[in-house]
Number of protein chains: 4
Amino acid sequence: MVRETILLEGQIINNQSLNQMLDAVLEMGGDFKIEHLEIGKRRDDPSRARIQILASDKAMLSRILEKVSKQGATVLRPEEVRVAIADRDGVFPEDFYSTTNLETEIFHRGRWIAVKSIEMDCGIRYDEARGEPECIPIIRAKKGDRIVVGREGIRVIPAQRQTRKEIFSFMSSAVSSEKPKKLLISQIAKRMRELRDLRGSIVFVCGPAIIHTGASESLCALIRNGYVHVLLAGNALATHDIEAALFGTSLGISLEDGVAMEGGHRNHLRAINAIRRAGSIKRAVEQGLLTRGVMYTCVVRNVPVVLAGSIRDDGPMPEVITDVMEAQDAMRREARGADMVLMIATMLHSIAVGNVLPARVQSICVDINHAVVTKLVDRGSFQAIGIVTDAESFVRELAYELCPESELEEIRE
Amino acid sequence: MVRETILLEGQIINNQSLNQMLDAVLEMGGDFKIEHLEIGKRRDDPSRARIQILASDKAMLSRILEKVSKQGATVLRPEEVRVAIADRDGVFPEDFYSTTNLETEIFHRGRWIAVKSIEMDCGIRYDEARGEPECIPIIRAKKGDRIVVGREGIRVIPAQRQTRKEIFSFMSSAVSSEKPKKLLISQIAKRMRELRDLRGSIVFVCGPAIIHTGASESLCALIRNGYVHVLLAGNALATHDIEAALFGTSLGISLEDGVAMEGGHRNHLRAINAIRRAGSIKRAVEQGLLTRGVMYTCVVRNVPVVLAGSIRDDGPMPEVITDVMEAQDAMRREARGADMVLMIATMLHSIAVGNVLPARVQSICVDINHAVVTKLVDRGSFQAIGIVTDAESFVRELAYELCPESELEEIRE
Amino acid sequence: MVRETILLEGQIINNQSLNQMLDAVLEMGGDFKIEHLEIGKRRDDPSRARIQILASDKAMLSRILEKVSKQGATVLRPEEVRVAIADRDGVFPEDFYSTTNLETEIFHRGRWIAVKSIEMDCGIRYDEARGEPECIPIIRAKKGDRIVVGREGIRVIPAQRQTRKEIFSFMSSAVSSEKPKKLLISQIAKRMRELRDLRGSIVFVCGPAIIHTGASESLCALIRNGYVHVLLAGNALATHDIEAALFGTSLGISLEDGVAMEGGHRNHLRAINAIRRAGSIKRAVEQGLLTRGVMYTCVVRNVPVVLAGSIRDDGPMPEVITDVMEAQDAMRREARGADMVLMIATMLHSIAVGNVLPARVQSICVDINHAVVTKLVDRGSFQAIGIVTDAESFVRELAYELCPESELEEIRE
Amino acid sequence: MVRETILLEGQIINNQSLNQMLDAVLEMGGDFKIEHLEIGKRRDDPSRARIQILASDKAMLSRILEKVSKQGATVLRPEEVRVAIADRDGVFPEDFYSTTNLETEIFHRGRWIAVKSIEMDCGIRYDEARGEPECIPIIRAKKGDRIVVGREGIRVIPAQRQTRKEIFSFMSSAVSSEKPKKLLISQIAKRMRELRDLRGSIVFVCGPAIIHTGASESLCALIRNGYVHVLLAGNALATHDIEAALFGTSLGISLEDGVAMEGGHRNHLRAINAIRRAGSIKRAVEQGLLTRGVMYTCVVRNVPVVLAGSIRDDGPMPEVITDVMEAQDAMRREARGADMVLMIATMLHSIAVGNVLPARVQSICVDINHAVVTKLVDRGSFQAIGIVTDAESFVRELAYELCPESELEEIRE
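Residues numbered from 1 in each chain as written. Chains lettered and ligands numbered in written order. Predicted model: local features only at pLDDT ≥ 70, side-chain atom pairs only at ≥ 80, totals over all residues.

Let us look at the overall build of chain A. Regarding its fold elements, chain A presents 14 helices and 19 strands. The buried share of chain A, reckoned over its 413 residues, is 55%. In chain A, the proportion of contacts linking residues at least 24 apart, taken out of those at least 6 apart, comes to 65%. (Helix = DSSP H or I, 4+ residues; strand = E, 2+ residues; numbered from the N terminus. Buried ≥ 20, exposed ≤ 12 C-beta atoms within 10 Å, placed from the backbone. Contact = placed C-beta atoms within 7 Å.)

Below, the structure is given as structure tokens:
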């Protein structure tokens, strides 16, 4: 029989971590003894537990400690973190530690060091000589990199369940088309206003339905008023936006009167060809060719845009990053500092962005398809709010809440 | 070999009826010869075909003639319609003619007579002595009724496919969440204004999501401004509306701040009990107990409401018709004169109302669930437009379009 | 400041009840002091807490005690339950206690007495002279009935969260189309076999898609082999089943070759008329008119069937109970003793049956529409497992697992 | 007033092309006179129309002729096709002709020449000196290429609507979860057997749900029995397949018992790392590391696999083509010769493959989500059959129909 003592602190009863941890210990074949338990008085007060973990051998103990440390427990006398050297590019050493999207620390030389740029399903590179431990995807490993392996000396800081007073939290796991959404949208708008005033960062991740459904004007108003700090999208959004700007159609359907325009089915290709001829979207704006729409507004307002490629793309537009690994890196760079992410009507881009975000970022997923919203919200542990509603009405409501009356005329008409 | 000559007139190429009819003849084992075909010049101009139908025996010919006459063909020298006498209550004679929801005529004593109150899946009662032929559901047949049987002497007037210029038609079969809906809503609003001004009849069929999603104020504004002439709904809508009026919650969730209210889960039962104690919704209004909401507004504006019962009902509210056959009759009475029907967020009531409507009524089906909209639009042949969107934003947009600014404050806030 | 001491016992950490209760106390304005907490060692071991509740006045204390007693806490010295007399039929007294679907007891003359036939959203009738307290829907209250009011002397036994080893529990909250369903179906089948052998009761709640999708043979095999003890359905299932038995079509589509049959659209009406003529489904079987299908098999195997009416019904079939309140009572009678309920491809009937079931009954909800399954599983607190899959393949898999090879030929062919 | 005479031949009434064409002429402001119309006797017989088109000026006439020639009409004395020279790489000349996915011919030196490799939303490159006209995507245009422009001398061969006897056609536009699917699957299986025997080509396009839902064994049996000639998929399918082969889990969920395995969440990354270490999936098979599953079976059976990259990929696996334009070219190469394409549980790959397929290829789209199936079937004009069902049960049924009993044991167990 081997044993180790762990500490668990925080909202461990509220957020069920104590419960889950004890379950896990038993399921893995171990046993436990609660040495001390102190329950927080108020909902926001931390609780604290000291628990002795028992296992039949060292291997089992090690597996249990890995598990519970992922759940936020600290081993009383932590062991030193271990690293191994990558023996070729793009491959981690055997037994590499695979990350979650929660804040993570490693124990080295008697202190806990935070891992930089945490993201799920990556490894941790740590070369003491070169500074902080850092989260990297498998493809970015280089021969000779020192990669964290095993389970010793690693701890994960559990996400705090938010209390009721805090923004958003009241619907935090709610995915339903039968809730009073206007209210929720008001709260999101309020938080966006705060973030704008605090110079926080709001990232929009949008699918082409933004354009088809006629939400373009509303999104432009949000951009002009400083509520969109990064736009992540794909070739389709750019194409239909520019098709609308140049020809007044989206997928050949007139946005004026909803009627399929004669020859309109080829407008999206004409739009792509025109921009390819200009050299880039940016140059099309400079040349006076592109004078309205979402892409135009981002260019003139200096909002960074990442257009990530997909196998269903026509064209594509010149700015589209056709290599998906490079596109991921571009999304990482732009999304990493986000305080809030709004994912609207795009499953592919939403999952991709969700993959590279730390859990602490507030995420809102909007789609008209219930199954899509559930799928997005279920992924990873990030604090996502799912809203089953129409993309167009969602964006328009945000514009109503956040933009001055003078800009809303065009949207309301 | 037996033969008969039929005539087919109208937009028979546009609406594929010629095509379908020729297919049908061949599939049933018959053959045809097109004696004359005259194609309409303009889209709206009728075409005209005279076709000889050939069959190997009289039975086959009869089956074919039945089929093609359902599709709108007229046999050149029509036979007399036949009736048989119902030998017990609630049962039709063998070989009864089962109706479509298209305008139908029977041939009797040398002239075509229109069938009253046409509705799908019914029979035709015709007692010359007592007047017009009339469509009746099976359960309403009485012993001794004369019911149309066989296929002779019956013709169906095919629905005209609408031309593009006509209202709504541009999206007439479109069910998609990716269309510019604002535009479509504007057209619906325009048509509603016309109907109001012409004293036409607009029927709303609504599910309880109207209340949960916060669309109640918008719907009340539409009622107050004369855009709702009949409301068909169920116990759940009335219950949650009155729950909201009395306690500020819907299914226990506060409509003010979206938070579940302490004890709120039983508010809907309390609402039901309070109204049952008052005797009826109407009396609750008279007693000053009920002072706001959809039910209240219908009472004070004299808008007829049919609340049809369902096996999932709690209570129910006193006005709910718990016998489903009686509820159908009540819906028939109120819906029959409709010019336009808006079916919002309720599959059960929408199908039920669709069942009793003639095909000529313009119907709009709104639901956030794509499968529901497809299912509704696919049923029967009525001119339904399907819109995949949020019930709340749909009703609110209608209110924005149709109600004076002074009434919109509360909705916008 | 007033106070009261409560006890909470059971899997109160596992199932979050301690957590939720403390939250509730604070949210309602009260405060608490944990006097004693003893955590169960094993997952299945009970924990035990003694907690002092503090409130600023007696009214608040009473509200808090009502709330926590609904969550399973026992007040140390319980007060006597209170009753009031119904002053008219179909109406409860003011301040009536509204039930949950969890086992409930009332405290009377020094002992806790279990409430019979517990069901959510009802009241409790208790006349000591006449025996046990009993759960009744509002509509069944009679003038003079003694109905439980207030919150004193009532306690609710929380549902035990099942441990992993127990059947089904591993997916207990899982609603996903992306899980390995075959495995789950095997476990359901295993449980059905146990229940059959133990003479337990399995209730099927089925929608008409059972027939349209071709699952009829599989369901009949399950009935013949003793796996269906009650069938709850509506007119549509009976109609399309009998249409298939008499004419080989379902909604006019041939089940042999999937092609729409000539004249087939009226087969469902002909089926209804034929059965109405026979007098009832049972008599149609006796008369040799109906010789196959689900309804036939239920008749010859003496499986009770409740056909509940709906406003979308054609006909209806003679056995259909057209009054929805009577239909609810019939469902109650048949479903009450259920050990397991399978709800397949019907939202309306599933919700209706879910409403009358106690929480302890194992329920499985199957639908191809994700939103429907989520909605069903979210309702009430019953132990429902949601499966997003095809009704036909689900029923067929059950038949493969449970029926002898000799009966599967027809299904496999 | 200018005029031109066109011919239209084929099933122009059946497939509505005459109807649509006359509509189009009027909508574009033109007029027409039917000079001759000969209706085919039998459903399969061609009809033939000679129509005079009138327009107010040459530009309008040209637009109309372009439109109607896309719909299959032939101008009686066709003009010579026109080309222009691309002035830079990756850009078409102004006024380029944008293709449909229907067979297309250009008129040059007095004869009609078929365009090679037709695909929607591309251009046509034609250098007489270098041979046949060829369809190319915009990105593949090279400076100096001769690209077809304008509308003269181009004709499109309309897809023939299939007659009822032909395989599949009976449900050709049917998207419903309420149809008897077993029958349809039998017909698909029959057609697959024919194609295998005729050495035709069957392409599978699969999403990772194939693995999660447990359909892997069934798919392997189909591969082993010669029913899968190309597999188009993404990194996720390969990853979860290999995760299942190496660790018995898919996304960390055990495929044996459905329970989340301890540490299982990182199995997919371990699988990727292991294959990256081996160098490729093929080499992992050669090294004896990978011994089962879909990827393994494709390697040992020499079934070509294209793994197309996506921004949501972890890893990726070495065979994944991370540049989306290169991935498209790879899909084109493999899919072009297809006789039948089955698209199962993947919207992204299905749309991408649909984009590069000519309309004549029989396509079957299977998904459990109704909206996805509708979206896929609505795209382009290809002959797609949509089936709303479970991926696992669909693939398993195919295996039951097509594979010898001896291979089904494992699937049935």
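Taken together, the 38 residues of chain D in the interface contact 37 residues of chain A. Counting residues per element, the ones that place at least two in the side of chain D that touches chain A are helix 2 (58-70), helix 7 (267-278), helix 10 (324-335) and helix 11 (347-356) of chain D. A per-class count over the side of chain D that touches chain A returns 17 nonpolar, 10 polar and 11 charged. (Nonpolar A, V, L, I, M, F, W, Y, C, P; charged D, E, K, R; others polar.)

Right, let's talk about the nonpolar core for a bit. I344 of chain A, I344 of chain B, I344 of chain C together with I344 of chain D are the most contacted members of the largest nonpolar core, which totals 435 residues. The residues contacting I344 of chain A, other than those within four sequence positions of it, are F204, V205, C206, G207, I210, V366, A391, F394 and V395 of chain A. Of all hydrophobic cores here, the second largest spans 37 residues; its members include I39 and A55 of chain B together with I13 and I64 of chain D. (Core = buried A, V, L, I, M, F, W, Y, C linked by C-beta atoms within 7 Å.)

Let us look at the pairing of strand 18 (residues 362-367) of chain C. Residue and element names in this part refer to chain C. In terms of burial, strand 18 is a largely internal element, six of the six residues being buried. Where burial is concerned, the two faces of strand 18 agree: the one with Q362, I364 and V366 and the one with S363, C365 and D367 are both buried. Bridge count for strand 17 (residues 340-344) against strand 18 is five bridges, and the pairing is parallel. Residue pairing across strands places M343 opposite C365, the latter belonging to strand 18. In terms of handedness, the path from strand 17 via helix 11 (residues 347-356) over to strand 18 forms a crossover that is right-handed. Here five bridges tie strand 18 to strand 19 (residues 384-388), and the two strands are oriented parallel to one another. For S363, the partnering residue across the bridge sits in strand 19 and is A384. (Pairing = 2+ DSSP bridges. Right-handed = clockwise from strand over helix to strand, strands pointing away.)

Attention shifts here to the sheet that holds strand 6 (residues 104-108) of chain D. Strand pairing in a sheet relies on backbone hydrogen bonds. The paired strands run either parallel or antiparallel. Residues and elements named next belong to chain D. Read across the open sheet, the three strands follow the order 7-6-11; overall the sheet is antiparallel. One side of each edge strand has no neighbouring strand; the edge strands of this open sheet are strand 7 (111-114) and strand 11 (154-156). Sheet twist, expressed as the mean angle between neighbouring strand axes with direction ignored, is 30°. One ladder, built from four bridges, connects strand 6 with strand 7; its direction is antiparallel. Bridge pairing in strand 7 links I106 to I113. (Axes fitted to C-alpha atoms, helices over the stretch in contact; angles between N-to-C directions.)

Another aspect to go through is helix 7 (residues 267-278) of chain A. Residue and element names in this part refer to chain A. The end-to-end C-alpha distance of helix 7 is 16 Å, a good match for the 16 Å that 12 residues give at a rise of 1.5 Å each. Of the residues making up helix 7, those classed as buried are N267, H268, L269, R270, A271, I272, N273, I275 and R276. Each element contacted by the buried residues of helix 7 is listed here: helix 6 (235-247), strand 14 (249-250) and helix 8 (281-286). Positive phi appears at G279, one or two residues downstream of helix 7, with a value of about 110°. (Expected span 1.5 Å × (residues − 1).)

Glancing now at the relation of the copies chain D and chain A. Overlay of chain D on chain A (RMSD 0.1 Å): rotation 180°, translation along the axis 0.0 Å. Such values leave the two copies arranged in the relation of a two-fold axis. The position closest to the rotation axis in chain D is occupied by the C-alpha of D323 of chain D, lying 2.1 Å away. A shared interface surface links the copies, since 97% of the contact residues of chain D are contact residues in chain A too. (Least-squares fit on C-alpha atoms with pLDDT ≥ 70 in both.)

Our focus in this paragraph is the confidence of the model for chain A. In low-pLDDT regions, the fine details of the predicted coordinates are not to be read closely. Residues and elements named next belong to chain A. Mean pLDDT for chain A: 86, with 89% of residues reaching 70 or above. This model gives residues 161-174 a pLDDT under 50, and the stretch forms 25 contacts once residues within four places in sequence are excluded. Scored as a complex, the prediction yields pTM 0.82 and ipTM 0.84. (pLDDT = per-residue confidence, 0-100.)

What follows is about helix 1 (residues 17-27) of chain C. Helical geometry note: an α-helix holds 3.6 residues per turn, so side chains three or four residues apart project in the same direction. Residue and element names in this part refer to chain C. By the burial criterion, the buried members of helix 1 are S17, L18, N19, M21, L22 and V25. Along its buried surface, helix 1 packs onto strand 1 (2-10), strand 2 (31-38), strand 3 (47-55) and helix 2 (58-70). Count one or two residues on from helix 1 and you reach G29, which has phi positive near 95°.

Another aspect to go through is the sheet that holds strand 17 of chain C. Residues and elements named next belong to chain C. With parallel pairing, the six strands of this open sheet are ordered in space as 16-13-12-17-18-19. If you trace the sheet from one side to the other, it starts and ends with strand 16 (305-308) and strand 19, each paired once. Neighbour-to-neighbour, the strand axes of the sheet open up by a mean angle of 15°, direction not taken into account. Relative to strand 13 (residues 230-234), strand 12 (residues 202-206) runs parallel, the two being bridged by three bridges. If you follow F204 over to strand 13, its bridge partner there is L231. With respect to the sheet, helix 3 (residues 181-197) is in contact with strand 12, strand 17, strand 18 and strand 19, its orientation differing from that of strand 17 by roughly 135°. With respect to the sheet, helix 11 is in contact with strand 12, strand 13, strand 16, strand 17 and strand 18, its orientation differing from that of strand 13 by roughly 130°.

Let us look at unusual backbone geometry. G315 of chain B connects to P316 of chain B through a cis peptide bond whose omega is -5°. Positive phi is not limited to glycine here, since D95 of chain A has a value of about 65°. Relative to the elements of secondary structure, D95 of chain A occurs in the loop between strand 5 (82-85) and strand 6 (104-108). The phi torsion at A345 of chain D lies on the positive side, around 60°, for a residue other than glycine. Considering the arrangement of structural elements, one finds A345 of chain D in the loop between strand 17 (340-344) and helix 11.

What follows concerns the packing of helix 6 (residues 235-247) of chain D against helix 7 of chain D. Residue and element names in this part refer to chain D. Where helix 6 contacts helix 7, the axes come no closer than 8 Å and their chain directions differ by 95°. Relative to helix 7, helix 6 is oriented roughly perpendicular. Residues T239, H240, I242, E243, L246 and F247 of helix 6 form the contact with helix 7, whose own contacting residues are N267, H268, A271, I272, A274 and I275. Class assignment of the residues belonging to the contact of helix 6 with helix 7 gives a composition of seven nonpolar, four polar and one charged. (Parallel < 35°, antiparallel > 145°, perpendicular 65-115°, else oblique.)

All names here are of chain A. Axis separation between helix 10 (residues 324-335) and helix 11 (residues 347-356) bottoms out at 9 Å; the angle between their running directions is 65°. The handedness of the crossing between helix 10 and helix 11 comes out as right-handed. Contacts between helix 10 and helix 11 involve Q328, M331, R332 and A335 from the first element and A352, V353 and V356 from the second. (Left-handed = near helix turned anticlockwise from the far one by under 90°.)

All names here are of chain B. As for its placement among the helices and strands, I6 is situated in strand 1 (residues 2-10). Sequence separation between I6 and R277 is 271 residues, and the spatial gap between their C-alpha atoms is 64 Å. Ignoring any residue separated from it by four or fewer positions in sequence, one finds I6 in contact with I51, I53, V68, A73, T74, V75 and L76.

On to the environment of M192 of chain A. Checked against the element boundaries, M192 of chain A lands in helix 3 (residues 181-197). Taking C-alpha positions, M192 of chain A is 14 Å from F394 of chain A, a pair spaced 202 residues apart along the chain.

This next bit is on the environment of C298 of chain D. All names here are of chain D. Mapped onto the elements, C298 comes out in helix 9 (residues 294-300). The buried category is assigned to C298, around which 25 C-beta atoms lie within 10 Å. Measuring from C-alpha to C-alpha, the distance between C298 and I223 comes to 7.1 Å, with 75 residues separating the pair along the chain. The contact partners of C298, leaving out residues within four places of it in the chain, are I223, L231, V303 and V305.

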